[in-house]
2 protein chains.
Amino acid sequence: MSVATYTIAGNGVRNFYSSSSSYIRRHNFPIIIPNIRSLSFPFNNSYVTAAVSSSSSTTSVSDSIGNSSNFTWDDVFQVSQSRSDLDGFFQKISLCNRGSEKRSDFIPFVIEDQIVGYVHIGFADQLSKFKDVFTITKDNTYGSQSGHVTLQSALKTPESRTEALGNVVKCLGEEVFPGIRNELYPVTSSYGGSVYFSLERAAAPYFGIKAYGIHMSGYVEKDGEKYLWIGKRSETKATYPGMLDHLVAGGLPHGMSCAENVVKECEEEAGIPRPISSRAIPVGVVSYMDIDGYRFKRDVLFCYDLKLPESFIPHNQDGEVGSFKLLPVTLVRDVIRNTEFFKANCNLVIIDFLYRHGYIKPEDDGYLKLLQSLRSGDCS
Amino acid sequence: MSVATYTIAGNGVRNFYSSSSSYIRRHNFPIIIPNIRSLSFPFNNSYVTAAVSSSSSTTSVSDSIGNSSNFTWDDVFQVSQSRSDLDGFFQKISLCNRGSEKRSDFIPFVIEDQIVGYVHIGFADQLSKFKDVFTITKDNTYGSQSGHVTLQSALKTPESRTEALGNVVKCLGEEVFPGIRNELYPVTSSYGGSVYFSLERAAAPYFGIKAYGIHMSGYVEKDGEKYLWIGKRSETKATYPGMLDHLVAGGLPHGMSCAENVVKECEEEAGIPRPISSRAIPVGVVSYMDIDGYRFKRDVLFCYDLKLPESFIPHNQDGEVGSFKLLPVTLVRDVIRNTEFFKANCNLVIIDFLYRHGYIKPEDDGYLKLLQSLRSGDCS
């Protein structure tokens, strides 16, 4: 068992202490909920004690994709408000929008005269070996001096393209596309537009495909204070193991609406039944463009808020989350500002939450610039 | 007394009927609140009857600035959901962003090497007669082939500039700047930046000055349904008389923070005392750029939400509002979509509210484009 005591002093300054037998917090509200259903949720107790199994409070991780995470929940609780400016938030925006100076290393990927993605010049060389699938044209038709990539004209139907690209992904394999998960993403030029074919999710960034996802902030309100349910990703996840995450998030698979996807992911990731999850409301969008080697991520995340009953305790069903904790929004804000504990794109969604719920104010220097930067990607 | 019956059928379709003695609504919640403090607010009655004085339900207006308004509250209540797409919202965005094709008719207004505004070439001609105040330079230093306007170098201090421009405004008077209100706006290149001088509010659009304001959505939640308090502007207001408006809105005067301004305007416009108004939360920003003749409006509106107690009834203190009504958000949505009853920029703030509260969904065609268009102006 690991332990921390969390107090909020009268002046609003948070202090954290660690011990070794129980979590105690002097704030009429538990910030920590163990991953066991039987735990009571004593909102009205002045002091709350809750056991946390050691498996959920200790992590030691080397990751395959994403930042290395080597922190525990205790480290999260010990984050204090060491800064009050917005610089820490701007840094998180930058984390999701790397490599803009390398934009010209990528050439358009064109289907039916529409730009559906961007491919690195070096990767285009690799693709050019698949002569029955790709054509590299060296002209400036689509705004790049280095030409563009398109598919062989024989690949006229979505099905034939999906099959041909699927074979390329299989052929190049895990070495080129780590984390292949046999999940297809629709390839479009804009949200709701024609789907030209479908592509393995792990390969999408190498083709600079726009990817859409849903991210849901699950929160609880008590006496005018708001608390966010935060997950810590499983240590065995291929991507970003052990890092902090939303209560519920997922890519938008081909043929599924955002609303359906929220309900599905709520069930799988947090055990939230449909009667509750269907109350989740769409609240807007964040976007980013991230260049990392041959990968060009152009992601648009549809944000949802779900106000949860005080008594609800999430339970991961698919093994993707190690544990959940309920944290004061003010602590989540400070964790984002002062650490890199969150999976990078979660930062954007939570900063958006902080804006919409009044935790970032017009009086904060950089208010407008930070707000704008939440949609740094092509939001279409 | 004027009268309407408002029913919500089981299928969610709203029907409106007019009669001549009382307002009745079959929905366990009153949609109409007369402007009299003594009225009870019977949330738990199945049928609610509320008298409305004729003065607040009948308008007949010819306006000096803004669209002509010749509608009554009854007309508002009779709006039905005749369309479900986003086209009506896009039209309201366009209403606030007119004349972009005339952008090149304006030249930069430059102070201390910073572009603080834009002036129409024709208006610059008028200004050139004030030789001890303005200099027109015919070069391309600031991106316009037609040159730029600046102040005479002798006007080095904010005070001297404010005085000189104040004299110009006085000299040109109401004929050039209708609606002079002796309210000064700070002249900056961006929010929170240096204030180069202050300028009469009515003159600000003629100099293309960035103007900042606060708009607050006051809402009530009952049984999971949300209702917005909506004002109908006084018939005697110089601008947009008789049109629908937010519960509280106002320009941001020189030297006042957004938070202070919200509290001030809450008191003046709706009689909301500080203990309630201080709970208003900042939730983001909308912006627009509107060219109309010599006027170039570049406005940024800081949006606030205030969840009001069910028992609260607003009372205008400054004579700027004729009456307030509490309307279901779904009705407000339909009024915006189907009419031009709202003062133009209020539409943007309420559309933003509709996004943040889940009334516009990713499944709606145009979701991302409309969301982006809420910040069509220079949001800095």
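The rules we used
- Residues numbered from 1 in each chain as written.
- Chains lettered and ligands numbered in written order.
- Predicted model: local features only at pLDDT ≥ 70, side-chain atom pairs only at ≥ 80, totals over all residues.
- Heavy atoms only, no water.
- UniProt positions renumbered as here; feature names shortened; annotations may be inferred.
- Helix = DSSP H or I, 4+ residues; strand = E, 2+ residues; numbered from the N terminus.
- Buried < 20%, exposed > 50% of the residue type's maximum accessible area, 1.4 Å probe, protein only.
- Contact = heavy atoms within 4.5 Å.
- Axes fitted to C-alpha atoms, helices over the stretch in contact; angles between N-to-C directions.
- Parallel < 35°, antiparallel > 145°, perpendicular 65-115°, else oblique.
- Left-handed = near helix turned anticlockwise from the far one by under 90°.
- Core = buried A, V, L, I, M, F, W, Y, C linked by side-chain atoms within 4.5 Å.
- Least-squares fit on C-alpha atoms with pLDDT ≥ 70 in both.
- Phe/Tyr/Trp six-rings, centres within 6.5 Å; stacked < 30°, edge-to-face > 60°.
- Pairing = 2+ DSSP bridges.
- Buried area = accessible area lost by both parts, 1.4 Å probe.
- Salt bridge = Lys/Arg side-chain N within 4 Å of Asp/Glu carboxyl O.
- Polar contact = N/O pair within 3.5 Å; in protein donor to acceptor, adjacent residues only side chain to side chain.
- Nonpolar A, V, L, I, M, F, W, Y, C, P; charged D, E, K, R; others polar.
- 1 Å grid on protein atoms, 1.4 Å probe; cavity = no way out; pocket = protein on both sides within 12 Å on 5 of 7 lines; lining within 4 Å.
- Points joined across faces, edges and corners; volume = space filled by probe spheres on them.
- Disulfide = S-S within 2.5 Å.
- Arc of directions from axis to C-beta.

Chain A carries the name Nudix hydrolase domain-containing protein in an unreviewed UniProt entry, which gives Mikania micrantha as its organism. The UniProt entry for chain A carries the following text under Function (unreviewed entry): "Probably mediates the hydrolysis of some nucleoside diphosphate derivatives." Checking UniProt for chain A, the heading Sequence similarities (unreviewed entry) contains the comment "Belongs to the Nudix hydrolase family."

Draft legend 1. Structural detail: the overall build of chain A. Along chain A, the regular secondary structure elements total 10 helices and 17 strands. Relative to its 380 residues, chain A shows a buried fraction of 57%. Here the analysis covers contacts within chain A between residues at least 6 apart in sequence; of these, 66% occur between residues at least 24 apart.

Draft legend 2. Representation of the packing of helix α3 (residues 87-96) of chain B against helix α9 (residues 344-356) of chain B in the model. Residues and elements named next belong to chain B. The contact between α3 and α9 brings their axes to 8 Å, and the two run at 135°. When the axes of α3 and α9 are compared, the pair comes out oblique. The chirality of how α3 crosses α9 is left-handed. Contact with α3, carried on its side by Phe89, Lys92, Ile93 and Cys96, involves Ala344, Asn345, Asn347, Leu348, Ile351 and Leu354 of α9 and no other residues of that element.

Draft legend 3. Region of interest: the nonpolar core. The biggest cluster of nonpolar side chains holds 70 residues, and the ones touching the most others in it are B:Met216 and B:Ile272. By residue number, the principal contributor to this core is helix α9 (residues 344-356) of chain A, which donates nine residues. What B:Met216 contacts, discounting residues up to four positions off in sequence, is B:His246, B:Leu247, B:Val248, B:Val262, B:Cys266, B:Ile272, B:Ala280, B:Tyr304 and B:Leu306. Within the second largest apolar cluster, 69 residues are counted, among which are A:Ile272, A:Val285, B:Trp73 and B:Phe77.

Draft legend 4. Quick peek at the relation of the copies chain A and chain B. Superposition record for chain A on chain B: RMSD 0.0 Å, screw rotation 180°, translation along axis 0.0 Å. Overall, the copies show the geometry of a two-fold rotation axis. The C-alpha atom lying nearest the rotation axis in chain A is that of A:Arg356; the distance is 3.7 Å. An overlap of 100% is found between the interface residues of chain A and their copies at the interface of chain B, pointing to a shared contact surface.

Draft legend 5. Broad picture of the packing of aromatic side chains. Residue and element names in this part refer to chain A. All told, the structure shown has 36 aromatic pairs over all chains when counted by the stated rule. Where Tyr355 meets Tyr367, the ring centres are 5.0 Å apart and the plane angle is 55°; that geometry is what we call tilted. Remark: Tyr367 occurs in helix α10 (residues 367-373) and Tyr355 occurs in helix α9; sequence separation between them is 12 residues. Taking the relative accessible area as the measure of exposure, Tyr355 reaches 1% and is therefore buried.

Draft legend 6. Spatial organisation of the UniProt feature "domain: Nudix hydrolase" (unreviewed entry) in chain A. Those residues carrying the UniProt feature "domain: Nudix hydrolase" (unreviewed entry) are residues 211-352 of chain A in this numbering. Annotated as 25% helix and 42% strand, the span residues 211-352 of chain A places its first and last C-alpha atoms 19 Å apart.

Draft legend 7. Fine view of the sheet that holds strand β6 (residues 114-120) of chain A. Residues and elements named next belong to chain A. Spatially, β6-β5-β8-β7 is the arrangement adopted by the four strands of the open sheet, whose pairing is mixed. Each having just a single partner strand, β6 and β7 (134-137) make up the two edges of the open sheet. On average, adjacent strands in this sheet sit at an angle of 30° to one another, irrespective of strand direction. Sheet topology places strand β5 (residues 106-111) next to strand β8 (residues 148-151); two bridges connect them, and they run parallel. Considered in β8, the bridge of Val110 is made with Thr150.

Draft legend 8. Inspection of the sheet that holds strand β7 (residues 134-137) of chain B at higher detail. All names here are of chain B. Pairing is mixed in the open sheet, where four strands are placed in the order β6-β5-β8-β7. Looking at the sheet topology across the chains shown, the edges are occupied by β6 (114-120) and β7. Adjacent strand axes in the sheet meet at a mean angle of 30°, parallel and antiparallel pairs treated alike. Strand direction decides the pairing type here: strand β5 (residues 106-111) and β6, joined by six bridges, are antiparallel. Along β6, the bridge assignment pairs Val110 with Ile115.

Draft legend 9. Focus on the interface of chain A and chain B. Contacts between chain A and chain B engage 28 residues on the former and 28 residues on the latter. Contact between chain A and chain B buries roughly 2,300 Å² in total, counting both sides, with carbon and sulfur atoms accounting for 61%. Considering only the surface of chain A that becomes buried against chain B, A:Pro362, A:Leu368 and A:Arg375 emerge as the three largest contributors, covering 26% of it. Counting the contacts that link chain A with chain B gives zero salt bridges. Taken together, the connections running from chain A to chain B amount to eight residue pairs in polar contact (both at pLDDT 80 or more). Elements with a contribution of two residues or more to the side of chain A that touches chain B: α6 (258-270), β15 (281-292), β16 (295-307), α9 and α10 of chain A. Ranked by the residues each element gives to the side of chain A that touches chain B, the list is headed by β15(A), at five residues. Its residues assigned to classes, the side of chain A that touches chain B comprises 18 nonpolar, six polar and four charged.

Draft legend 10. Quick look at empty space enclosed by the protein. This model, assessed by the stated rule, comprises three cavities of 30 Å³ or more. In this model, the largest cavity occupies a volume close to 190 Å³. If you go around the largest cavity, you meet 18 residues; those closest to its centre are A:Asp352, A:Arg356, A:Arg375, B:Asp352 and B:Arg375. Looking at the lining of the largest cavity, the elements with two or more residues in it are β15 and α9 of chain A together with β15 (281-292) and α9 of chain B. Across the lining of the largest cavity, the residue classes break down as 10 nonpolar, two polar and six charged.

Draft legend 11. A look at the state of the cysteines. Tallied over the entire structure, the rule returns zero disulfides over all chains. B:Cys258 carries a free sulfur, and the closest cysteine sulfur to it, the one in B:Cys303, is 10 Å from it.

Draft legend 12. Geometry of the side chain of B:Ser217. Topologically, B:Ser217 is positioned in strand β11 (residues 210-222). Contact partners of B:Ser217, with chain neighbours within four places excluded, come to B:Leu228, B:His246, B:Tyr304, B:Asp305, B:Leu306, B:Val349 and B:Phe353.

Draft legend 13. Up close: helix α3 (residues 87-96) of chain A. All names here are of chain A. Of the residues making up α3, those classed as buried are Gly88, Phe89, Lys92, Ile93 and Cys96. Viewed end-on, α3 has its buried residues packed into an arc of 150°, placing them on one side of the element. On its buried face, α3 is in contact with β15, α8 (329-338), α9 and α10.

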